[in-house]
Amino acid sequence: MFSSATLRLTGWYMVLLMSLSILFSIVLFTVARNEFGRALGPMRPGEIRFMLTDKDAQTVRQQRIDDSTARLVVSLVIFNLAVLVGGGALSYALAKRTLRPLEVSHEAQVRFTSDAAHELRTPLTVMQTEVEVALRQTKTTLPQAKKVLASTLEEVARLRTLTDHLLQLATEQELSLTTVRLDEAVIEAVTRVVTLAQSKHIAVENTVGVARILAHHDSLVTVIGILLDNAIKYSPDNSTITLRTTLVGGEVAISVTDTGIGISSEDQTKIFERFYRVDSSRTKQTVEGYGLGLSLAQRLVLAMNGRLEVRSELGSGSVFTVTLTRA
Ligand code: ADP
């Protein structure tokens, strides 16, 4: 698709270039031809000596005009051929360069759509299989039916999170920033992960004090929620996760520290990419997720004019830090 578009754009550049070049040649030719007649002027004394009549002088003059015109025509044809060849190559390079950003964004969109479709298919297949098996059984007891429904509900919840994240990632809306109480947003985010933390007997230590920052309340809660959710998911049972703030100049750094599995330096550069998940065979754990949380968190933090950074050591734990402007 993009190679034919590149050729078409090259064609248009060439049409423009050649039109200008031919127009320039015509103008030059017309002006030069008029000037030849005038500039050659009267014959030089040496020439006149051999002229018998005015008619001879006129013939010689015409001959010189014709010779110069022929040389000019040859030069202009060579010039136009050079423009055609050189301009063709240049136009192609220029067309390729013009279309490259579009091609990159198109590739990203195609990848995003196919990855999203792939992720959506897995829970749907699980639900379909479970419901089909349940329907095939002739005598389904109430507890069995409840089990299927509970499992389906779990998958629906997962699909809901996935579609929420996909929607938020797909819409490039601008966030209106206001003064937000950081401590309140943190408490809201902690409340959302309490059940998950309790299921793994993980303590969440919140040392965030009163601070006012320039942010978007809901997005800030989502970002801290994602970081806490990950910290819990990738930490061992009975561990502790700590939330801290540091004031540096006009900025506030909010850090989420865990003592979990950690992330290798190679993976640290990739975890913010959409759908990227660290190979579970390396982490020896199967943790649920779609690889969208951190890319969404980074999108939201950037929209709040902040930074999201990670420091981590494999096997020791991770620190994710969000830096935002103080209000
Ligand atoms: P998800 O957690 O749904 O897989 P994320 O985008 O939130 O997706 O994270 C991407 C990957 O980064 C995760 O799959 C995991 O391998 C790694 N990761 C994120 N947070 C942590 C953490 N606190 N400790 C260890 N690994 C993490």
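How each quantity is defined
Residues numbered from 1 in each chain as written. Predicted model: local features only at pLDDT ≥ 70, side-chain atom pairs only at ≥ 80, totals over all residues. Heavy atoms only, no water. Core = buried A, V, L, I, M, F, W, Y, C linked by side-chain atoms within 4.5 Å. Buried < 20%, exposed > 50% of the residue type's maximum accessible area, 1.4 Å probe, protein only. Helix = DSSP H or I, 4+ residues; strand = E, 2+ residues; numbered from the N terminus. Contact = heavy atoms within 4.5 Å. Pairing = 2+ DSSP bridges. Axes fitted to C-alpha atoms, helices over the stretch in contact; angles between N-to-C directions. Salt bridge = Lys/Arg side-chain N within 4 Å of Asp/Glu carboxyl O. Parallel < 35°, antiparallel > 145°, perpendicular 65-115°, else oblique. Left-handed = near helix turned anticlockwise from the far one by under 90°. Nonpolar A, V, L, I, M, F, W, Y, C, P; charged D, E, K, R; others polar.

Caption draft 1: How the structure looks around the nonpolar core. Counting residues in each nonpolar core, the largest one holds 51 residues, and the members touching the most others are Leu-182, Leu-220, Leu-228 and Leu-243. The leading source of residues in this core is helix 6 (residues 217-233), at 9 residues. With residues near it in sequence (within four places) discarded, Leu-243 still touches Val-186, Val-190, Val-204, Glu-205, Asn-206, Thr-207, Val-208, Ile-224, Leu-228, Ile-254, Ser-255 and Val-256.

Caption draft 2: Local environment of the sheet that holds strand 2 (residues 203-206). Strand order in the open sheet made by the 5 strands is 2-4-5-7-6, with mixed pairing throughout. Bordering the open sheet on either side are strand 2 and strand 6 (307-313), each of which pairs with just one other strand. Each strand axis lies, on average, 15° off the axis of its neighbour in the sheet, ignoring direction. Where strand 2 and strand 4 (residues 240-248) come together, 4 bridges link them in parallel fashion. Across the sheet, residue Glu-205 finds its bridge partner in strand 4, namely Thr-242. Set on the sheet, helix 6 makes contact with strand 2, strand 4, strand 5 (251-258), strand 6 and strand 7 (317-325); between it and strand 4 the angle comes to about 140°. In the packing of helix 9 (residues 293-303) onto the sheet, contacts are made with strand 6 and strand 7, and the angle to strand 6 comes to roughly 140°.

Caption draft 3: Looking closely at the pattern of salt bridges. If you walk through the whole model with that rule in mind, you get 12 salt bridges. Between Arg-158 and Glu-154 there is a salt bridge, with the nearest N and O atoms lying 3.3 Å from each other. Within this pair, Arg-158 and its partner Glu-154 are both found in helix 4 (residues 142-170), separated by 4 residues, close to a single helical turn. With a shortest N-O distance of 3.8 Å, Lys-233 and Asp-229 are connected by a salt bridge.

Caption draft 4: Region of interest: the packing of helix 6 against helix 9. Axis separation between helix 6 and helix 9 bottoms out at 9 Å; the angle between their running directions is 150°. As far as their axial angle goes, helix 9 and helix 6 are roughly antiparallel. As for how helix 6 packs across helix 9, the hand of that crossing is left-handed. Packed against helix 6, whose contacting residues are Ser-219, Thr-222, Val-223, Ile-226, Leu-227 and Asn-230, the element helix 9 presents Gly-293, Leu-294, Leu-296, Ala-297, Leu-300 and Val-301 at the interface. Per-class residue counts for the contact of helix 6 with helix 9 are 8 nonpolar, 4 polar and no charged.

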